[in-house]
Structure formats: C-alpha cells, structure tokens
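Each chain, letter by letter, is given below.
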2 protein chains.
Amino acid sequence: MNPAPALSDIQQAAKRLAGKTVLTPLLEAPLLNDVLGGRLLVKAECLQRTGSFKARGAFNALLQLPQECKNRGVVAFSSGNHAQGVAYAARSLGVPATIVMPRDAPPLKIANTKAYGASVVLYDRETESREKIGADLANKHGLTLIRPFDDPHVIAGQGTVGLEIAQQCKEIGAVPEHVLVPCSGGGLASGIAIAIHASFPGTQIHVVEPEGFDDAVRSLASGRRETNTKKSGSICDALMADAVGDITLPILRKERVTGLAVSDEESLKAMGVAARYLKIMLEPGGAVALAAALFGKLAVKNRTVVVVASGGNGAPFLQAEAISRFSELKLNRGEVS
Amino acid sequence: MNPAPALSDIQQAAKRLAGKTVLTPLLEAPLLNDVLGGRLLVKAECLQRTGSFKARGAFNALLQLPQECKNRGVVAFSSGNHAQGVAYAARSLGVPATIVMPRDAPPLKIANTKAYGASVVLYDRETESREKIGADLANKHGLTLIRPFDDPHVIAGQGTVGLEIAQQCKEIGAVPEHVLVPCSGGGLASGIAIAIHASFPGTQIHVVEPEGFDDAVRSLASGRRETNTKKSGSICDALMADAVGDITLPILRKERVTGLAVSDEESLKAMGVAARYLKIMLEPGGAVALAAALFGKLAVKNRTVVVVASGGNGAPFLQAEAISRFSELKLNRGEVS
C-alpha cells in the first residue's frame, strides 16, 4: 500500500468498519445558525464507539493484521483516545492489547482503556519517549505497533468520517464550503481531506489546534515539519503530538489544507455551547473546530461550514465548568458570555 | 380520523416529517453494557430538532392544518418542550404561534421558545389553568389549539420515534424485549407502543414517571384515569401533567403498557451517566427511562432494553451538578456513586 491512502482505501475501510463502528449524526441547531448567520453542521464523533473517531482507524488497522500478529497482540501509545480505540477494537477482535499512556492522561481515559481490557503502561510525558517505550515493547514481545496517525490504514479508517460527511451533506442538499478538523498528528484531517475532496473538490479544509501546540498550522504555512516546544500545558490533552506525521503532512499539503488555532478558554466555551445547543458532551480537544467557527477564526456568516467534534472523553470537572460558565451564547454578537 | 391513530397514521406522519425532523441515533455504550450485563439501547431524542421529540408531533399537527388556520395562527400550552416544538414548527411553516408557559418553567425553555419567534404568555402553575388560558386565546383570536398529547396527529407524530426504534433494532439484529418511555400525558408512549408492537408484538412497553407524579403508573394499575395531587416539586419539569389523556390512556391500556417510577436523585444520576458513557446531555425528565434501567426498576441483565432519552433542555446548573456528582458508575454493582 502506498503511504498515502487513496480514496479507494477509504471506501474499503468503510466496508470493513460496517457493524463495528457507527454512522455518527451530522447535527445542526437552528438557534445556533441564527446566532452565526450561516449554516453550521457538526459531525458528532463523540457519539462514535469509545467516544471518539479513533475507533475507526484502530479497527481498520487491526482488521488487516495477519492472524499470527493478532495472536501475539498489539501495542499503541496514546494520550487517551487512540488508546481507547485500539483497546476496544482489540477486545472486539480477540486481540491482546498493551497501551502506553502518559501518567498525566485524564483518569477517565486511563480507566476506560483498562475497562476495555487492555494492559496499560504509564510513562512520564516530560522525560520519557512514548515512541521508544512502544518500540521496545513491540520488539520484546513481538507485538505489532498501531501508530496513532502515521499509518495508511489508520488514516484510511479516519477518512471514513469524511465519506460520511460528504454523503450526509448531499442528503440534505448542503455544499460544505469549509470543513474544520481538530488536529494532533493529522491522521483525521488528512483522511477527511481526501474523502471530502473526492465529492467536493472546492471545499477548503482547515486543521484546528490549540494555541501553543500549533505545529500543523506552522508546518502548513512553512511547508516543512515544525514541532511544538512544549509537551504539556493545554487542556486539549488529545491534541498535543509533537508534530504532524511524515505521511500526513504531504497529504495535508497536497489537499491545500490550512490551519487555525484557538485558546483553551475558547475550547471550554465551545464545550458549553455544544452542551446547550447540540446536547452533546465534548472534550476540550474535540471542541477546537467548533470553537474556531464560534469565535471568528473562520466566519460562518452566509456560509455552510462543517466542524468535526472529534471526541467527548473529557474530564467531568471540565465539562461541568464549561456548562456552568458558558451556557449562554449572546445573540447577534457571536460571543459567549 | 379515529381518536386513536393507526399504524398507517404514524407511517404517514413519518413521510410528512421527512426533511423537517431528523433520524436520531440509537446509541449504545459497550462499557455501560458491561456494567449492566445486558444490552442497553438509548434512543437519543435530545438530538432531535429543538432538543426533544416534541418537534415531531408539532410538525405533524401543523402540516395538516387548513391554510386559513395556518394564517390565523396556533396556540399551545406547555412546560417547555412542546412549547419549543410548536414554536419551531410554526416558524418553519410561517405560522404565527402563541405559547402559554408556566412562570416557573426553566429559563432556557422560555428563552428558546421566544428565540424560535413565538409570543410567550406566562401563567402561575399553582393558581391558573393553562387549559383555560389556551382555550381563551384560541377563542379570542381564532387560533388553533395544538394540544401537547391528547391529539391524534400529535400522537402519530411522536409515534415516529417508535418506527425508527423498530427499524434501527432490525438493522443491528436486536429484538427489544422492553422499551421504557418517559411519560407526562402519554402521547409519546402511546405512539411508540403502536409503532413498536407492529414490528415486535411481544415487546413490553413501560412508561416511566417521577415519583410523586406517577399518575400514569397508577392509572395503568387501576384501569381508570388517576391524577397527581401535586402540581410542582420535581426537577422533572417536563413530566408534570396532571393526568394522562382521554385518548392516550385507552391506547396505553390496549397495548398492555405498565408503569415504573424513579426518584429525582435517580434522574440526576442518570444525567451524569448519560454524559459520561453516551456523551449526550439530558434534562431530568428526559433521563427517567434511563434511570429506571440503571437503577434496577427493570433488570437489564441478559436482556435487550431500549430506553427513550426524550429531551435535553435541562437547566445548565442541574446538568453541571449531575456531571460533577455522578460521573462514576461503579462497575459490577449497577450503582452510581
């Protein structure tokens, strides 16, 4: 398989995932449209199995493993959503799974990963390399490493989100002018870009990152792989990869993707708006694309804009804070108070 | 039209609603199934337009009005979800709407009803009759009264929830042994019972009410129309009708529906569980069926049980409290702590 998946790889992934992952709804809130003066469509991947889109790529990768690899088991490193996706897919397919997670990952994500039956190995995000720990475990026990984004099967799996968005837009007669996608390593955004452009070649795709962790934004601007200087310090725990991938960056560039960044406060506000207007629970990293649309990083007025709400495995205290503080969206000002 | 809608009325309603309401997902959380030892399917009507199933009945009723009635306008009385459903349907169809709401309705519901463009008339739940205010307005201005539940068109519209549940169960190869439905006046439950029994005649339907407002539970036990003594005092503001309807009660009896009741605390816990495991925001009244399944009012163990999550227009402070206090579901004990 060519490093960059083709549309046909994503289409085959969709067939492979049937009955394993679910078609998530493309939500729309008329009152939110009124406030924004445009049409905002929200792809609710928080409603995907395991609470994020990551189950798609995990299933697509695991389903293509030779039986002897399935028998030996898989290993993955992840801040939490890829962890749950791989753990759940592995359990569903009877494959042993070891997941390497940072010690400061949200307790909910660690607990869920264990509950799906995986062995969890914790590491220190500041001093240890998750890549090295994962590689060592793979070598020592003959495990297959399931990378979080720089794997064509994983990218193809995540790309099924884009196939669904395209199909759902067609069903309601909507032409998405912009699609905003939360970005860590770029697996979701690159898969979505390929799938969306097959149906809507004129759609502009944007990655959205937390401020201070905007390596993809800078990489897409400079044309080369930029890295983040910080390794922690955002509430968007799901979006803190050091850099986009060797496979994903060329795809994002080829698909002419550009980047936006939002503050942690804006992500938190978007979580509150999502709860009030859309009735979905998002985690901070899953809310950055919605935040970008709500807070003027990209104007929605007179446009049709799709945002991907990529995950909902947030810490309960943050979700409660978001709802308490940011349930009101001031009409006609595009501003939450 | 016969007072009790037939299956064909519900099927026609489904055609009428196409493009106006949305197909809501039937959600499932593997970790919740693990805890309960069975299969729990959650019909997420909080994701319906206006945040509750009420948009269905409202559209089905308004779409069948003669043009001269549409021109004069409609009136409805409601604690908040029927209010929003009628206001939204009316706006979509260009019909003026006046909504009579209790002064102590959740501010969110009053604000949304106004935001959908309706004229809102407030009344005192303890001292005034909403039925009389509604009838007076109807007589004075020639408005058509859209009843919240005792109307065959409204019942048929709500019944489309049941058609969708039956179809969605068939698609995943599930046979629902029990379907639990939140109940105020019985419009949703009676419509769902007719629709589900057409596909699954052996399924037991249950209405679920808040303790102290269990008029339907008692009416189904006694065989005659029982009323509630209290008019306020539950956080389940959506489920406080005095009694089930003259049309709905005979349907519920014919369909052999039985009743369950849950405490306010159990509803609040269910809201927390819904946020953590299902990533949806429910209001207390929308969470009673889930609460009944979670807290042993009906055992889920080794069964396939569908619960309807009927609405998500909860007060933000209650939603935040539910998430803060009840995000943990103790494994293997079927108990939230």
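Caption draft 1: Looking closely at the overall build of chain A. Scanning chain A for helices and strands turns up 14 helices and 12 strands. For 337 residues, the compact-globule estimate of 2.2 N^0.38 gives 20 Å, and chain A sits close to it at 18 Å. By its C-alpha atoms, chain A is 60 × 40 × 40 Å across when sized along the principal axes. Within chain A, buried positions represent 66% of all 337 residues. Long-range contacts, defined here as pairs at least 24 residues apart, represent 74% of the contacts in chain A between residues at least 6 apart.

Caption draft 2: Inspection of the pattern of salt bridges at higher detail. Summed over all chains, the structure comprises 36 salt bridges over all chains. Ionic pairing is found between K231 of chain A and D242 of chain A, a salt bridge with its closest N-O pair at 3.7 Å. Remark: D242 of chain A occurs in the loop between helix 10 (215-222) and helix 11 (248-254) and K231 of chain A occurs in the loop between helix 10 and helix 11; sequence separation between them is 11 residues. Residue K231 of chain A is classed as partly exposed on the basis of its relative accessible area, which comes to 34%. With a relative accessible area of 35%, D242 of chain A lands in the partly exposed category. Note that R225 of chain B and D246 of chain B form a salt bridge whose closest N and O atoms lie 3.6 Å from each other. A residue pair is termed long-range when its members are at least 10 positions apart, and R225 of chain B in the loop between helix 10 (215-222) and helix 11 (248-254) and D246 of chain B in the loop between helix 10 and helix 11 qualify at 21 residues.

Caption draft 3: Seen up close, the environment of V308 of chain B. All names here are of chain B. Secondary-structure assignment places V308 in strand 10 (residues 304-309). On a C-alpha basis, the gap between V308 and E164 in space is 11 Å, while along the polypeptide they are 144 residues apart. Apart from residues no more than four positions distant in its own chain, V308 is found in contact with K43, E45, I165, L180, V181, P182, L188, I192, G286 and A289.

Caption draft 4: Representation of the packing of helix 14 (residues 316-325) of chain A against helix 14 (residues 316-325) of chain B. Where helix 14 of chain A meets helix 14 of chain B, the closest approach of the two axes is 8 Å, and the angle between their N-to-C directions is 175°. Relative to helix 14 of chain B, the element helix 14 of chain A lies roughly antiparallel. Contacts from P316, Q319, A320, I323 and S324 of chain A in helix 14 of chain A reach P316, Q319, A320, I323 and S324 of chain B in helix 14 of chain B. Looking at the contact of helix 14 of chain A with helix 14 of chain B, its residues break down into six nonpolar, four polar and no charged.

Caption draft 5: Structural detail: empty space enclosed by the protein. All told, the structure shown has three cavities of 30 Å³ or more when counted by the stated rule. As a volume, the largest cavity reaches approximately 190 Å³. A29 and Y277 of chain A together with Q48, T50 and G51 of chain B are, among the 19 residues lining the largest cavity, the residues nearest its centre. If you list the elements that add at least two residues to the lining of the largest cavity, you get helix 2 (30-36) and helix 12 (264-278) of chain A. Taken together, the residues of the lining of the largest cavity sort by class into nine nonpolar, six polar and four charged.

Caption draft 6: Region of the structure containing the packing of aromatic side chains. Within the structure shown, the criterion is met by four aromatic pairs over all chains. Among the aromatic residues, ring-to-ring pairing joins F59, Y88 and Y116 of chain A into one connected group. When the ring centre of F200 of chain B is taken as reference, the NZ or CZ atom of K170 of chain B above it lies at 6.0 Å. Between the NZ or CZ atom of K269 of chain B and the centre of the ring of F295 of chain B, over which it lies, the distance is 5.8 Å.

Caption draft 7: Just the sheet that holds strand 4 (residues 97-102) of chain B, in detail. All names here are of chain B. What the four strands build is an open sheet, ordered 5-4-3-6; its pairing is parallel. Of all strands in the sheet, those bounded by a partner on one side alone are strand 5 (119-123) and strand 6 (144-145). Bridge count for strand 3 (residues 74-77) against strand 4 is four bridges, and the pairing is parallel. Bridge pairing links A76 to I99 in strand 4. Across the sheet, helix 6 (residues 107-115) touches strand 4 and strand 5, and the angle it forms with strand 4 is around 175°.

Caption draft 8: View of the interface of chain B and chain A. If you look at the interface, chain B gives 31 residues, while chain A gives 31 residues. Here chain B and chain A share four salt bridges between them. For E28 of chain B, the salt bridge identified is with R49 of chain A, shortest N-O distance 3.4 Å. For the pair chain B and chain A, the interface holds 12 residue pairs in polar contact (both at pLDDT 80 or more). Mapped onto the side of chain B that touches chain A, the elements with two or more residues apiece are helix 2 (30-36), helix 5 (81-93), helix 6, helix 12 (264-278) and helix 14 of chain B. Counting residues per element, the side of chain B that touches chain A draws most heavily on helix 14 of chain B, which supplies five residues. In terms of residue class, the side of chain B that touches chain A is built from 18 nonpolar, seven polar and six charged.

So, how was this worked out
- Residues numbered from 1 in each chain as written.
- Chains lettered and ligands numbered in written order.
- Predicted model: local features only at pLDDT ≥ 70, side-chain atom pairs only at ≥ 80, totals over all residues.
- Heavy atoms only, no water.
- Helix = DSSP H or I, 4+ residues; strand = E, 2+ residues; numbered from the N terminus.
- Rg over C-alpha atoms; globule rule 2.2 N^0.38 Å.
- Buried < 20%, exposed > 50% of the residue type's maximum accessible area, 1.4 Å probe, protein only.
- Contact = heavy atoms within 4.5 Å.
- Salt bridge = Lys/Arg side-chain N within 4 Å of Asp/Glu carboxyl O.
- Axes fitted to C-alpha atoms, helices over the stretch in contact; angles between N-to-C directions.
- Parallel < 35°, antiparallel > 145°, perpendicular 65-115°, else oblique.
- Nonpolar A, V, L, I, M, F, W, Y, C, P; charged D, E, K, R; others polar.
- 1 Å grid on protein atoms, 1.4 Å probe; cavity = no way out; pocket = protein on both sides within 12 Å on 5 of 7 lines; lining within 4 Å.
- Points joined across faces, edges and corners; volume = space filled by probe spheres on them.
- Phe/Tyr/Trp six-rings, centres within 6.5 Å; stacked < 30°, edge-to-face > 60°.
- Lys NZ or Arg CZ within 6 Å of the ring centre and 35° of its normal.
- Pairing = 2+ DSSP bridges.
- Polar contact = N/O pair within 3.5 Å; in protein donor to acceptor, adjacent residues only side chain to side chain.

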